[in-house]
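These are the residues of each chain, in order.
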Amino acid sequence: MLRLSNLGFLVLTAIQFILGMLGNGFIGWVNGSSWFKSKRISLHDFIITNLAVSRIVLLWILLIDGVLLVFSPKLHDEGIIMQIIDVFWTFTNHLSIWLTTCVSVFYCLKVASFSHPMFLWLKWRVSRVVVWMLLSTLLLSCGSAISLIREFKIYSVLGGIDRTGNMTELFRRKEKEYKLIHVLGTLWDLPPLVVSLISYFLLILSLGRHVRQMHQDCGSSRDPSTEAHRRAIRVILSFLFLFLLYYLSFSVLTSSYFLPATKMIAKIGEVITMFYLAGHSYVLILGNSKLKQMFVAMLRCEPGCLKPGSKGSVYP
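Residues numbered from 1 in each chain as written. Predicted model: local features only at pLDDT ≥ 70, side-chain atom pairs only at ≥ 80, totals over all residues. Heavy atoms only, no water.

- The name given to the protein in an unreviewed UniProt entry is Taste receptor type 2, with Ovis ammon polii as the source organism.
- A UniProt comment under Subcellular location (unreviewed entry) is attached to the protein, and it reads "Membrane".
- Quoted verbatim from the Function (unreviewed entry) field of UniProt, the annotation for the protein is "Gustducin-coupled receptor implicated in the perception of bitter compounds in the oral cavity and the gastrointestinal tract. Signals through PLCB2 and the calcium-regulated cation channel TRPM5." (UniProt positions renumbered as here; feature names shortened; annotations may be inferred.)

**Regarding the overall build of the protein**
Part 1 of the reasoning: A tally of regular secondary structure across the protein gives twelve helices and zero strands.
Part 2 of the reasoning: Going from N to C terminus, the protein has its helices and strands arranged as α-α-α-α-α-α-α-α-α-α-α-α.
Part 3 of the reasoning: By the burial criterion, 43% of the 316 residues in the protein qualify as buried.
Part 4 of the reasoning: For the protein, long-range pairs separated by at least 24 residues make up 74% of all intrachain contacts whose partners lie at least 6 apart in sequence.
Part 5 of the reasoning: Counting every atom, the protein has about 16,900 Å² of accessible surface; 69% of that belongs to carbon and sulfur. (Helix = DSSP H or I, 4+ residues; strand = E, 2+ residues; numbered from the N terminus. Buried < 20%, exposed > 50% of the residue type's maximum accessible area, 1.4 Å probe, protein only. Contact = heavy atoms within 4.5 Å. Areas by Shrake-Rupley, 256 points an atom, 1.4 Å probe, with all protein chains shown as cover.)

**Looking at the packing of aromatic side chains**
Think of a pair of aromatic rings as described by two things: how far the centres are apart, and how the planes are tilted against each other in angle.
Part 1 of the reasoning: Evaluation of the coordinates by the stated rule reveals nine aromatic pairs.
Part 2 of the reasoning: Aromatic side chains Phe106 and Tyr107 sit 6.1 Å apart centroid to centroid with 65° between the ring planes, which places their arrangement in the edge-to-face category.
Part 3 of the reasoning: Judged by its relative accessible area of 8%, Phe106 falls in the buried class.
Part 4 of the reasoning: Taken together, the ring pairs in this structure connect Phe26, Tyr282 and Phe295 into an aromatic cluster. (Phe/Tyr/Trp six-rings, centres within 6.5 Å; stacked < 30°, edge-to-face > 60°.)

**A few points about unusual backbone geometry**
Part 1 of the reasoning: Even without being a glycine, Lys39 presents a positive backbone phi close to 65°.
Part 2 of the reasoning: Within the element layout of this structure, Lys39 appears in the loop between α1 (4-38) and α2 (43-71).
Part 3 of the reasoning: Note on Lys39: relative accessible area 63%, which makes it exposed.

**Digging into the packing of α1 against helix α11 (residues 262-286)**
Part 1 of the reasoning: At a closest axis distance of 8 Å, the pairing of α1 and α11 adopts a crossing angle of 25°. Classified by the angle their axes make, α1 and α11 are roughly parallel. Seen from above, α1 lies across α11 with left-handed handedness.
Part 2 of the reasoning: For the contact of α1 with α11, the per-class residue count stands at 16 nonpolar, eight polar and two charged. (Axes fitted to C-alpha atoms, helices over the stretch in contact; angles between N-to-C directions. Parallel < 35°, antiparallel > 145°, perpendicular 65-115°, else oblique. Left-handed = near helix turned anticlockwise from the far one by under 90°. Nonpolar A, V, L, I, M, F, W, Y, C, P; charged D, E, K, R; others polar.)

**Regarding the packing of α1 against α2**
Part 1 of the reasoning: Taken N-terminus to C-terminus, the directions of α1 and α2 make an angle of 160°; their axes are 9 Å apart at the nearest point. On the basis of the axis angle, α1 is roughly antiparallel to α2. In the packing of α1 onto α2, the handedness of the crossing is left-handed.
Part 2 of the reasoning: Tallied by class, the residues present in the contact of α1 with α2 amount to 15 nonpolar, ten polar and two charged.

**A short note on the pattern of salt bridges**
Part 1 of the reasoning: Summed over all chains, the structure comprises one salt bridge.
Part 2 of the reasoning: A salt bridge links Asp45 to Lys290, with the nearest nitrogen and oxygen atoms 3.0 Å apart. Remark: Lys290 occurs in helix α12 (residues 289-299) and Asp45 occurs in helix α2; sequence separation between them is 245 residues.
Part 3 of the reasoning: Its relative accessible area of 13% is what places Asp45 among the buried residues. (Salt bridge = Lys/Arg side-chain N within 4 Å of Asp/Glu carboxyl O.)

**Quick look at helix α6 (residues 126-146)**
Part 1 of the reasoning: Given a rise of 1.5 Å per residue, 21 residues ought to cover 30 Å, and the 30 Å separating the end C-alpha atoms of α6 matches this to within 8%.
Part 2 of the reasoning: Turning to α6, its buried residues are Val126, Val130, Met133, Leu134, Thr137, Ser141, Ser144 and Ala145. Down the axis of α6, the smallest arc covering the buried residues is 105°, so these residues share one side. In this structure, α6 carries Arg128, Trp132, Leu139 and Ile146 as exposed residues pointing more than 90 degrees from its buried face. (Expected span 1.5 Å × (residues − 1). Arc of directions from axis to C-beta.)

**So, the UniProt feature "transmembrane region" (unreviewed entry) in the protein**
Part 1 of the reasoning: The feature "transmembrane region" (unreviewed entry), as annotated in UniProt, sits at residues 6-30, 51-71, 91-109, 129-149, 193-211, 232-258 and 264-285 in this numbering.
Part 2 of the reasoning: Between the first and last C-alpha atoms of residues 6-30 the distance is 36 Å; the span itself is 100% helix and 0% strand.

**Overview of a nonpolar patch on the surface**
Part 1 of the reasoning: Judged by side-chain polarity, Leu4, Leu7, Val11, Ile15, Ile18, Leu19 and Leu22 come together as a nonpolar surface patch covering roughly 680 Å² of accessible area.
Part 2 of the reasoning: Among the secondary structure elements, Leu22 is positioned in helix α1. (Patch = residues over 30% accessible without salt bridge, like charges linked within 9 Å, V, L, I, M, F, W, Y side chains within 5 Å.)

In structure tokens form, the structure reads like this:
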């Protein structure tokens, strides 16, 4: 018999998994079919398509992890199953985070307007900058997954130490080393977080300044162009809120081994993580004119609604 907390966790996980698969699957299908038919794809569409695919993989990993957490806690915490899940989670999670950072940098360089020479230099080379970021993303994601090998070796040593009676000095030393490596592993996420925050700050600052300038020139806050920029700011703020929420949930999941009520904290972290993976896909859809138009047409069951061809907005 399932406990009420486990039942609620499974229901929330199932709902968010379905919503996330629909949202990210829609992005991947629309951009993928357009790519297949035209034999070419824009850099922006390429990034968010790969982002959607990485999130689909993350959703499956979290679903499997959640089911094991409820129905087989021992299998979830020990052995090769845990290590396989951790490796796939670490690689795909870092890939998703860096792809999100690439999206923020792309929007910032495309949309924001500043006169600083360094910003202009990057703006003129936006495609080259983002391509190099994508290559670095793959390498860093591989590096983060490989770094788990050392952590797993220490974990295996901990599992083999006899802890009957007083805790041995070896166990205490190895446990401290394991915790240190586990915490330091989260530092892989600091660079994309900093870059994303800077990009969003510059983008919001530029758009806000542009809205104020247009208001002064036009004398009306209901100008269509002004409203479009304000909608873009609201979308970006939603984007930023979800991104920070994801980092919070990821930190909770990473630290859950060392906190009281480990299982409950892990469940809360997984629910928040899946909320981000599902919710952010719809922010991307509603903020992109091509995806939004096709999504609304699909909901209305309009014929030919998923035929590619219209160009999307540059906003996230």
